[in-house]
Structures are given as structure tokens and as C-alpha cells.
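Residue-level structure breakdown
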Amino acid sequence: MKQDEDLDGLVRKRIRGLRVALGWSLDDLAARCYLSPSTLSRIETGHRRISLDQLTSIARALGTTLDQLVEAVDDEDVVIRPRHDESRGTTTWLLSRQSGPHGVTVAKMRITKPARRGTHELKVHPGRDWFTVLSGTVVLLLGERTIRVEAGQAAEFSTMIPHAFGAGDGPAEILCILDHEGQRTHLRQL
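For clarity, every value in this text was computed on a predicted model and none was experimentally measured.

**Considerations on the nonpolar core**
Counting 17 residues, the largest nonpolar core has Ile111, Phe131, Val138, Phe165, Ile174 and Cys176 as its most contacted members. Looking at this core, the elements with two or more residues in it are strand E3 (105-111), strand E4 (128-135), strand E5 (137-142), strand E7 (154-158), strand E8 (163-167) and strand E9 (172-178). Ignoring sequence-local partners within four residues, the contact set of Ile111 consists of Gly89, Val138, Phe165, Gly166, Ala167, Gly170, Pro171, Ala172 and Ile174. In terms of nonpolar packing, the next biggest core, distinct from the first, is built from 15 residues, Ile43, Ile58, Ala59 and Leu69 among them.

**A word on the environment of Ile147**
Its place among the elements puts Ile147 in strand E6 (residues 145-150). Distance in space between the C-alpha atoms of Ile147 and Phe165 is 9.3 Å, their sequence separation being 18 residues. Residue contacts for Ile147: discarding those within four places in its chain leaves Val138, Val139, Leu140 and Leu142.

**A few points about the sheet that holds E4**
Consider a sheet: its strands pair through backbone hydrogen bonds, and that pairing is either parallel or antiparallel. Within the open sheet, the six strands sit side by side as E1-E2-E3-E9-E4-E7. Their pairing is antiparallel. Strands with a single pairing partner mark the edges of an open sheet, and in this sheet they are strand E1 (83-85) and E7. Within this sheet the neighbouring strands show an average axis-to-axis angle of 25 degrees, counted without direction.

**A few points about helix H3 (residues 37-45)**
Taken together, the buried positions of H3 are Thr39, Leu40, Ile43 and Glu44. Along the axis of H3, the buried residues cluster in a sector spanning 135 degrees; they form a single face. Taken from the residues just after H3, Gly46 is the one with a positive phi, measuring 85 degrees.

**Remarks on the pairing of E8**
Counting buried residues in E8 gives five out of five residues, a clear majority hidden from the surface. In this sheet, E8 lies alongside E5 in antiparallel orientation, the contact comprising five bridges. Bridging across to E8, Val139 finds its partner in Gly166.

**Some points on the packing of helix H2 (residues 26-33) against helix H4 (residues 52-62)**
The contact between H2 and H4 brings their axes to 9 Å, and the two run at 110 degrees. With respect to each other, H2 and H4 are oriented roughly perpendicular. In this structure, the crossing between H2 and H4 has a hand that is right-handed. When H2 is examined against H4, the residues Leu29, Arg32 and Cys33 are found in contact with a partner set consisting of Ser57, Ile58, Ala61 and Leu62. Split into classes, the residues belonging to the contact of H2 with H4 amount to five nonpolar, one polar and one charged.

**Considerations on the pairing of E5**
Taking burial as the measure, the six residues of E5 include six buried ones, the bulk of the element. Neither face of E5 is left uncovered, since the one carrying Thr137, Val139 and Leu141 and the one carrying Val138, Leu140 and Leu142 both have all their residues buried. Two elements, E5 and E6, share six bridges in a ladder whose sense is antiparallel. Its bridge partner lying in E6, Leu140 is registered against Ile147. In this structure, the hairpin formed by E5 and E6 is closed by a connection of two residues, where Gly143 is found at a positive phi of approximately 65 degrees.

Quick notes on the rules
Residues numbered from 1 in each chain as written. Predicted model: local features only at pLDDT ≥ 70, side-chain atom pairs only at ≥ 80, totals over all residues. Heavy atoms only, no water. Core = buried A, V, L, I, M, F, W, Y, C linked by side-chain atoms within 4.5 Å. Buried < 20%, exposed > 50% of the residue type's maximum accessible area, 1.4 Å probe, protein only. Helix = DSSP H or I, 4+ residues; strand = E, 2+ residues; numbered from the N terminus. Contact = heavy atoms within 4.5 Å. Pairing = 2+ DSSP bridges. Axes fitted to C-alpha atoms, helices over the stretch in contact; angles between N-to-C directions. Arc of directions from axis to C-beta. Parallel < 35°, antiparallel > 145°, perpendicular 65-115°, else oblique. Left-handed = near helix turned anticlockwise from the far one by under 90°. Nonpolar A, V, L, I, M, F, W, Y, C, P; charged D, E, K, R; others polar.

Given below as C-alpha cells:
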């Protein structure tokens, strides 16, 4: 019961916060969601229960979704915990919990194993990959080429070319942007 009350209070604060952030008065929001200003005031202050149809209308008027208004808050929505894959020599932090525009995922990776050129090591998938090296050196195997990408440099390439990447002369850290197919290929264990 306490959890429901906390969420109810949070939803009311979100409504008021979004309204104020948009610079709208109660009258402004009321006109956009077809409720009276007094009803909105009572909703924001907790003096009136919020019906689903009112909440849907308010969310739409505020330019958000019902899901965003009512999502619960805990540490899991804030803290990003690394995932370690010993066999691949990677530690990955998924920096985007949901796919962003065009289905891309942003991740930070720490790579400790070198890339290997073998028939099973180089992967091909539709799309493009992008990464920038934060520290160390990444060796990118791209077809028959071997490309060293140093700290401060970035790489972007078609993933239809057989490719793999690994650490150069020691551990390396990258920030990468992967499309859906890249995520499935490079982050398959997560």
C-alpha cells in the first residue's frame, strides 16, 4: 500500500513538474487536456483521485507517455552495472536501456583480449558500427585489413565486411554505437 501511495505522489509531482517546466499555468494545461483548472489543481495536490482517462489525456497534453508518468523509481533505473564476459575478454556497460532513434544502442566496453583472424572470429551482419577509443588501442580486423585505432580516434564501418575488434597492446576502452544487428552480434551474452 505504501508503495502505491509513493507512486501516486510521484505521478502528481511529475505532472506538476512537467507543467511548470513547460511554463504553463493550470489554465494552459486544462485547455490542452480538456479538464477544468480546479480538477487539475486537485489532481496535482492529491485532493482528487486520478482516473486512467484523465491520466492519459494529461500525459498526451504534456508531450509524454502514460508509461513515463507512472514508471516506478528504484536504483535499477539509475545505476548501470557492468557485465563481464570472461570468454570474450569484455566488460560492457549498456548506457542506453532502450534502443534509441533508429534502434541504436550505446555501450561502453573494456576489451582485454586481442582480436583474432580466423574463419569463426570475423563476423558479418547488416548495418554499420561506430566506436571511439577512450583509452588504449583497439585493433580492428576489417576484411583483409588490420587497422589500429588509438585513444582519441574513432572508427565507422560497414558491418557487411567481415570484422572483429580486440585490445591492442593491453586493455582498451571504447564507447560504441551499435544498430540492432550489431547489438545482437557484439553484445549477444548480455
